[in-house]
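Chain residues, written in single-letter form:
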Amino acid sequence: MLTPEQSRAARGWLDWTQDDLAKRANVSLSTIRDFEKGRRTPIGNNLDAIRRALEAAGVVLTFQDGRPAVGVAQPSTSDTRV
């Protein structure tokens, strides 16, 4: 699940505007605006598209101690040469 707070935090981390996220998720700008202001929850496929757009940019959406959290994916260390 994606919360409005996670969406706002992830956009901030990525330095994306609401319009940037809307375009990358292929949803309307009003969908992003209304969701992030808590006015409404997007239909399932739009919410999934928003989450996928953020995750594709390297954002990790998690919950810590029952609270929504946002992080950045760490690069794999399996490519490290000795």
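See the structure above.
Residues numbered from 1 in each chain as written. Predicted model: local features only at pLDDT ≥ 70, side-chain atom pairs only at ≥ 80, totals over all residues. Heavy atoms only, no water.

Student: Could you give an account of the overall build of the protein chain, with specific residues and numbers?
Tutor: A count of helical and extended segments in the protein chain gives four helices and two strands. For the protein chain, the sequential pattern of α-helices and β-strands runs α-α-α-α-β-β. Contacts in the protein chain between residues far apart in sequence, at least 24 positions, make up 48% of those at least 6 positions apart. Surface accessibility of the protein chain: about 5500 Å² in total, with carbon and sulfur atoms responsible for 47%. (Helix = DSSP H or I, 4+ residues; strand = E, 2+ residues; numbered from the N terminus. Contact = heavy atoms within 4.5 Å. Areas by Shrake-Rupley, 256 points an atom, 1.4 Å probe, with all protein chains shown as cover.)

Student: Tell me about helix α1 (residues 4-14), residues and numbers included.
Tutor: Those residues of α1 that sit buried are Pro4, Gln6, Ser7, Ala10 and Arg11. The buried side chains of α1 occupy one side of the element, clustering within an arc of 160° when seen end-on. In α1, the exposed positions that point more than 90 degrees away from the buried face belong to Gly12 and Trp13. Where α1 ends, the next residue or the one after it, Asp15, has phi of about 60°, a positive value. (Buried < 20%, exposed > 50% of the residue type's maximum accessible area, 1.4 Å probe, protein only. Arc of directions from axis to C-beta.)

Student: Just give me the short version of unusual backbone geometry, but keep the residues and values in it.
Tutor: If you check the backbone angles, Asp15 has positive phi at about 60° while not being a glycine. Relative to the elements of secondary structure, Asp15 occurs in the loop between α1 and α2 (18-25). In this structure Asp15 comes out as exposed when scored by relative accessible area, which is 66%. At Asn26, a residue that is not glycine, the phi angle is positive and equals roughly 60°. Mapped onto the fold, Asn26 is located in the loop between α2 and α3 (29-36).

Student: Account for the packing of aromatic side chains, naming residues and giving values.
Tutor: One pass over the full model with this rule turns up zero aromatic pairs. Just above the ring of Trp16 sits the side chain of Arg24; from NZ or CZ to the centre is 4.2 Å. (Phe/Tyr/Trp six-rings, centres within 6.5 Å; stacked < 30°, edge-to-face > 60°. Lys NZ or Arg CZ within 6 Å of the ring centre and 35° of its normal.)

Student: Pulling in residues and values, what's your account of the packing of α2 against α3?
Tutor: Where α2 contacts α3, the axes come no closer than 8 Å and their chain directions differ by 120°. Overall, the two elements α2 and α3 adopt an arrangement that is oblique. Seen from above, α2 lies across α3 with right-handed handedness. Between α2 and α3, the contacting residues are Gln18, Asp19, Leu21 and Ala22 on the first element and Leu29, Ile32, Arg33 and Glu36 on the second. (Axes fitted to C-alpha atoms, helices over the stretch in contact; angles between N-to-C directions. Parallel < 35°, antiparallel > 145°, perpendicular 65-115°, else oblique. Left-handed = near helix turned anticlockwise from the far one by under 90°.)

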